[in-house]
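Examining the three-dimensional arrangement
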Amino acid sequence: MAPRANWKGFLRLSLVTCPVALYPATSESEKVSFNQLNRKTGHRIKYAKVDADTGEEVDNEDIVKGYKVDTDTFIEVTKEELENVALESTRTIEIDEFVDRSEIDPRYLIRPYYLRPDGKVGHDAFAVIRETIREMNKVAIGRVVLTNREHIIALEPLDKGLMGTLLRYPYEVRSADEYFDDIQDVKVTKDMLDLAKHIVNQKAGHFEPDKFEDQYETALIDLINQKRAGKPITAKARPRGENVVDLMDALRKSIGRDATGPTEAPKKTAKKPRKAAAGQKEMLMPITGKKTAKESAAKKPAAKPQRKSA
């Protein structure tokens, strides 16, 4: 079942309009997440919204937004006043222009969304807009309001739908000059480049997301399962970096190591790659077995092994 749409409205190209819905293209709900607990009781920590001066808890209906002018001065802005800041992009994605994909600086990319027709009507108009963008090999630039803020959105065809990528505004992107100005100008010799290129050729491949595994996520799952099973947790030795004394020597050694890398790698990755969603849920099922002394002594509300962590 598809998730709930983040936004519903209309997509418009000049006089061609169709109803559309915008859905998140990514999710982090499958990742292991933790709750904060009271170490003494094992109970969850609850956060309360309190008045900074009186210390009294404030009900949600009494909380409004405020813009800080100085230390003790705020300009209060109500929900109704924010809604009165009417923008056409609140309900309509108006395509303003078409640009080449190569012209969009990667630093401006925020997150992707899926855009599809909303309901049974408008599929023809949607298809016309989608195929026009595809045939022209362009990216459509428009504006959309999400979470009460207007965003630039770049639209491009993806299968039968459109992928919309939110873009940052120029004031949100920092200049690289302040970070790169102190980098020394180094003359790289042809021999060094040739050795480095050889390493690149040895590691050349194709981008296949399925072959990448979130090793930290896997380690977290292993840790949780070991604790559930009552196994002792031992600290692992951290890899130590080596100081590079001679760059040419390091490049030559890299070539020798990478040449034997593919034959040694399977020893560590002999396990079948685990699918993120299904695999994690299966591994996080409650483990039946002997509890640790600490778990046995704890109160029942404090230790619930059935709690979903992902």
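Residues numbered from 1 in each chain as written. Predicted model: local features only at pLDDT ≥ 70, side-chain atom pairs only at ≥ 80, totals over all residues. Heavy atoms only, no water.

Our next topic: the overall build of the protein chain. Looking only at helices and strands, the protein chain has 8 helices and 10 strands in total. Burial analysis of the protein chain (310 residues in total) assigns 21% to the buried set. Taking the contacts inside the protein chain whose residues are at least 6 apart along the sequence as the reference set, 66% of them involve residues at least 24 apart. (Helix = DSSP H or I, 4+ residues; strand = E, 2+ residues; numbered from the N terminus. Buried < 20%, exposed > 50% of the residue type's maximum accessible area, 1.4 Å probe, protein only. Contact = heavy atoms within 4.5 Å.)

Moving on, we come to the packing of aromatic side chains. A ring pair, where both rings are aromatic, is described by two values, the distance of the centres and the angle of the planes. All told, the structure shown has 2 aromatic pairs when counted by the stated rule. Between Tyr-169 and Tyr-171, the aromatic rings sit 5.9 Å apart at their centres with planes inclined by 10°, giving stacked as the arrangement. Relative accessible area serves as the criterion here: at 21%, Tyr-169 is assigned to the partly exposed category. Centre to centre, the rings of Phe-207 and Phe-212 are 6.0 Å apart; their planes meet at 35°, and the pair counts as tilted. Both residues of the pair, Phe-207 and Phe-212, count as exposed. (Phe/Tyr/Trp six-rings, centres within 6.5 Å; stacked < 30°, edge-to-face > 60°.)

As a further point, take the side chain of Glu-94. Examined against the element boundaries, Glu-94 turns out to sit in strand S5 (residues 92–94). Within the structure, Glu-94 has its side chain in polar contact with the side chain of Arg-12 (distance 2.6 Å). The contact partners of Glu-94, leaving out residues within four places of it in the chain, are Arg-12, Ser-14, Ile-141, Gly-142 and Arg-143. (Polar contact = N/O pair within 3.5 Å; in protein donor to acceptor, adjacent residues only side chain to side chain.)

Our focus in this paragraph is the nonpolar core. Core analysis: the biggest nonpolar cluster contains 20 residues, and Leu-11, Ile-93, Leu-115 and Leu-155 have the highest contact counts within it. Looking at this core, the elements that each hand over two or more residues are strand S1 (7–13), strand S2 (16–24), strand S7 (109–117), helix H2 (123–136), strand S8 (139–146), strand S9 (149–158) and strand S10 (161–167). Considering every element that reaches this core, the biggest residue donor is H2, with 4 residues. Sequence-distant contacts of Leu-115, defined by excluding residues within four places in its chain, comprise Leu-11, Val-20, Ala-21, Leu-22, Ile-93, Phe-126, Leu-155, Gly-161 and Leu-162. By size, the runner-up hydrophobic cluster in this structure holds 7 residues, among which are Val-99, Ile-104, Ile-141 and Ile-152. (Core = buried A, V, L, I, M, F, W, Y, C linked by side-chain atoms within 4.5 Å.)

By the bridge criterion, 5 bridges tie S2 to S7 in an arrangement that is antiparallel. Following the sheet pairing, Leu-22 is matched in S7 by Leu-115. (Pairing = 2+ DSSP bridges.)

Right, let's talk about a nonpolar patch on the surface for a bit. Taken together, Tyr-67, Val-69 and Ile-75 make up a surface patch of nonpolar side chains, about 330 Å² in accessible area. Looking at the secondary structure, you find Val-69 in strand S3 (residues 65–70). Exposure remark for Val-69: the relative accessible area of 48% places this residue in the partly exposed category. (Patch = residues over 30% accessible without salt bridge, like charges linked within 9 Å, V, L, I, M, F, W, Y side chains within 5 Å. Areas by Shrake-Rupley, 256 points an atom, 1.4 Å probe, with all protein chains shown as cover. Salt bridge = Lys/Arg side-chain N within 4 Å of Asp/Glu carboxyl O.)

Mean pLDDT over the protein chain works out to 82, with 80% of the residues at or above the 70 mark. Taken element by element, the predicted model of the protein chain shows its lowest mean pLDDT in helix H8 (residues 293–297) (44) and its highest in S10 (97). Here residues 262–281 is a poorly scored stretch, pLDDT under 50, and it has 14 contacts once near neighbours within four places are set aside; other chains count. (pLDDT = per-residue confidence, 0-100.)

Inspection of the secondary structure assignment puts Arg-130 in helix H2. In contact with Arg-130, other than residues within four places in its own chain, are Pro-157, Asp-159, Lys-160, Gly-161 and Leu-162.

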